[in-house]
Amino acid sequence: MAEMLPKVRQARAHVASGHLRLFVEVDGGIGEDTIVAAAEAGADVFVAGSAVYGATNPAQAVELLRRMARAAMAGSVTGR
């Protein structure tokens, strides 16, 4: 996860400097322990496989991850 964050930051900087609408996606390794860092780095699309499908309640897991990502993208990590 940590080795990917500089790439996310660089992609977000390229978007911020131009007139393009681009979504930065992190595919893999996304879960409760990583989604905030990915969102703060500039990702805005997240692919969470095992964090969702391995959860007892997949729908609840998705909602928690969405809340955490939205909070981090808004500058507040109180999404729980």
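In case you missed it, the structure is sitting above this.
Notes on the structure follow. (Residues numbered from 1 in each chain as written. Predicted model: local features only at pLDDT ≥ 70, side-chain atom pairs only at ≥ 80, totals over all residues. Heavy atoms only, no water.)

**Regarding the environment of A72**
Within the secondary structure, A72 sits in helix α4 (residues 58-73). On the basis of relative accessibility, which here comes to 6%, the residue A72 falls in the buried class. Separated by 32 residues in sequence, A72 and E40 have C-alpha atoms that sit 5.9 Å apart. (Helix = DSSP H or I, 4+ residues; strand = E, 2+ residues; numbered from the N terminus. Buried < 20%, exposed > 50% of the residue type's maximum accessible area, 1.4 Å probe, protein only.)

**Description of helix α1 (residues 5-17)**
The first and last C-alpha atoms of α1 sit 19 Å apart over 13 residues, in line with the 18 Å expected at 1.5 Å per residue. All of the buried residues along α1 are L5, V8 and V15. Buried residues of α1, viewed axially, fall in a sector of 80°; they line one side. In α1, the exposed positions angled more than 90 degrees off the buried face are occupied by K7, H14 and S17. Tucked inside the fold, the buried residues of α1 contact β1 (25-27) and α2 (35-41). (Expected span 1.5 Å × (residues − 1). Arc of directions from axis to C-beta. Contact = heavy atoms within 4.5 Å.)

**Some details on the side chain of D44**
Mapped onto the secondary structure, D44 falls in the loop between α2 and β2 (45-47). Residue classification places D44 among the buried residues on the basis of a relative accessible area of 18%. Reaching out from D44, the side chain makes a polar contact with the side chain of R12 at a distance of 2.6 Å. Side-chain polar atoms of D44 contact the backbone nitrogen of V24, separated by 2.8 Å. Aside from chain neighbours lying at most four places away, what touches D44 is R12, R21, L22, F23, V24 and M73. (Polar contact = N/O pair within 3.5 Å; in protein donor to acceptor, adjacent residues only side chain to side chain.)

**Notes on the nonpolar core**
What tends to happen in soluble globular proteins is that the nonpolar side chains get buried as a cluster. Judged by nonpolar contacts, the single largest core of 19 residues is most densely connected at V8, V26, I30, I35 and A43. Mapped by element, the contributors of at least two residues to this core are α1, α2 and α4. If we ignore the near neighbours within four places in the chain, the residues touching A43 are V8, V24, V26, A38 and M73. (Core = buried A, V, L, I, M, F, W, Y, C linked by side-chain atoms within 4.5 Å.)

Shape descriptors only; they carry no functional weight alone.
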